[in-house]
Amino acid sequence: MKNYKERFDFKTFVRCGMLTALACVLTMVPQIPTGTGGYVHFGDSIIYVASAFLGPICGAVVGAVGHSLADILTGHIIFALPTFIIKGLMGFAIGKLLYKNFSKTRFIMSAVASLAIVTLGYFAAEIPMYGVSVAAISLISSPIQWLMSVVASAVIVPIINKYRTCLLYTSPSPRDG
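As the structure is a computational prediction, the values presented were derived from the model and not from experiment.

1. A word on helix H3 (residues 43–54)
Step number 1: The terminal C-alpha atoms of H3 lie 16 Å apart, and with twelve residues this matches the ideal 16 Å at 1.5 Å per residue to within 8%.
Step number 2: Taken across its twelve residues, H3 has twelve buried, putting it largely inside the fold.
Step number 3: Taken as a whole, H3 has its buried residues at Gly43, Asp44, Ser45, Ile46, Ile47, Tyr48, Val49, Ala50, Ser51, Ala52, Phe53 and Leu54.
Step number 4: Positive backbone phi, approximately 105 degrees, marks Gly55, located one or two places after H3.

Laid out in structure tokens, this is it:
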């Protein structure tokens, strides 16, 4: 049990919560329409940050909760459950590939994995809602959103990785004495 406490202590829990809130806000503002019924936002880049630096569990929580909450708050309630599952899987996959193993190659692998998860996930989720022909539009809009988040993440994640000791510094707890 000590290993679990070391990996998910109170500070990590708070950071995960803060990134969940940030993902929600950046999913809601700005929302740039793609013309296919979807929209582009910066929320997915926070999934990359959470997954890469706090691990797959936190990445899954940030993706699932932050983005589903944004769907609910912006009136896209019908997408809340699919988003919970799809963005949660996305965060978990990115975390499994990047957490404690950051490299350009692994970043590219995580980007490709997230493209597959999000594109196929929303396509499958929209089939029972709208039918195959309308759901096929997500095969266009999801990659547009993916590209936006990958570009933003390709800028943010390496910077945080370079300065991670300063940015993610954790002072010794009085209990560690």
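2. Notes on helix H2 (residues 10–28)
Step number 1: In a regular helix each residue adds 1.5 Å, so 19 residues correspond to 27 Å; H2 covers 27 Å between its end C-alpha atoms and thus fits that length.
Step number 2: Restricting attention to buried positions, one finds in H2 the residues Thr12, Cys16, Leu19, Thr20, Ala23, Cys24 and Thr27. In an axial view of H2, the angular spread of the buried residues amounts to 145 degrees, which keeps them on one side of the axis. Residues of H2 that are exposed and angled more than 90 degrees away from the buried face: Phe10 and Met18.

3. Regarding the environment of Ala136
Step number 1: Topologically, Ala136 is positioned in the loop between helix H7 (132–135) and helix H8 (138–162).
Step number 2: With 13 residues separating them along the chain, Ala136 and Phe123 place their C-alpha atoms 6.4 Å apart.

4. Observations regarding the packing of H2 against H3
Step number 1: Taken N-terminus to C-terminus, the directions of H2 and H3 make an angle of 165 degrees; their axes are 7 Å apart at the nearest point. Between H2 and H3, the interaxial angle falls into the category roughly antiparallel. As for the relative orientation of H2 and H3, their crossing is left-handed in sense. Residue-level contacts link Thr12, Arg15, Cys16, Leu19, Leu22, Ala23, Leu26 and Thr27 of H2 to Gly43, Ile46, Val49, Ala50 and Leu54 of H3.

5. Some thoughts on the packing of H3 against helix H5 (residues 80–98)
Step number 1: Taken N-terminus to C-terminus, the directions of H3 and H5 make an angle of 40 degrees; their axes are 8 Å apart at the nearest point. What the angle tells us is that H3 and H5 run oblique. In this structure, the crossing between H3 and H5 has a hand that is right-handed. Where H3 abuts H5, its residues Asp44, Ile47, Tyr48, Ser51 and Ala52 lie against Lys87, Met90, Gly91, Ile94, Gly95 and Leu98.
Step number 2: Partitioned by chemical class, the residues of the contact of H3 with H5 number six nonpolar, three polar and two charged.

6. Some remarks on the confidence of the model for the chain
Step number 1: Here the chain averages 86 in pLDDT, while 86% of its residues score no lower than 70.
Step number 2: Between the elements of the chain, mean pLDDT differs from a low of 51, seen in helix H1 (residues 2–7), to a high of 96, seen in helix H4 (residues 56–73).
Step number 3: Within the model, pLDDT remains below 50 along residues 171–177, and this stretch shows one contact once partners closer than five positions in the same chain are excluded.

7. Structural notes on the side chain of Thr27
Step number 1: Along the chain, the position of Thr27 falls in helix H2.
Step number 2: In this structure Thr27 comes out as buried when scored by relative accessible area, which is 2%.
Step number 3: A polar contact is formed between the side chain of Thr27 and the backbone oxygen of Ala23, at a distance of 2.6 Å.
Step number 4: Not counting residues up to four positions away in its chain, the partners in contact with Thr27 are Tyr39, His41, Gly43, His67 and Ala70.

8. Here we look at the pattern of salt bridges
Step number 1: Scanning the entire structure with this criterion turns up one salt bridge.
Step number 2: For Lys87, the salt bridge is made with Asp44, and the minimal N-O distance between the two is 2.8 Å. Pair noted here: Lys87 is in helix H5 and Asp44 is in helix H3, with a separation of 43 residues, a long-range link.
Step number 3: Of the residues examined, Lys87 reaches a relative accessible area of 4% and is grouped as buried.
Step number 4: Since its relative accessible area comes to 2%, Asp44 is described here as buried.

Scoring rules and cut-offs
Residues numbered from 1 in each chain as written. Predicted model: local features only at pLDDT ≥ 70, side-chain atom pairs only at ≥ 80, totals over all residues. Heavy atoms only, no water. Helix = DSSP H or I, 4+ residues; strand = E, 2+ residues; numbered from the N terminus. Expected span 1.5 Å × (residues − 1). Buried < 20%, exposed > 50% of the residue type's maximum accessible area, 1.4 Å probe, protein only. Arc of directions from axis to C-beta. Axes fitted to C-alpha atoms, helices over the stretch in contact; angles between N-to-C directions. Parallel < 35°, antiparallel > 145°, perpendicular 65-115°, else oblique. Left-handed = near helix turned anticlockwise from the far one by under 90°. Contact = heavy atoms within 4.5 Å. Nonpolar A, V, L, I, M, F, W, Y, C, P; charged D, E, K, R; others polar. pLDDT = per-residue confidence, 0-100. Polar contact = N/O pair within 3.5 Å; in protein donor to acceptor, adjacent residues only side chain to side chain. Salt bridge = Lys/Arg side-chain N within 4 Å of Asp/Glu carboxyl O.

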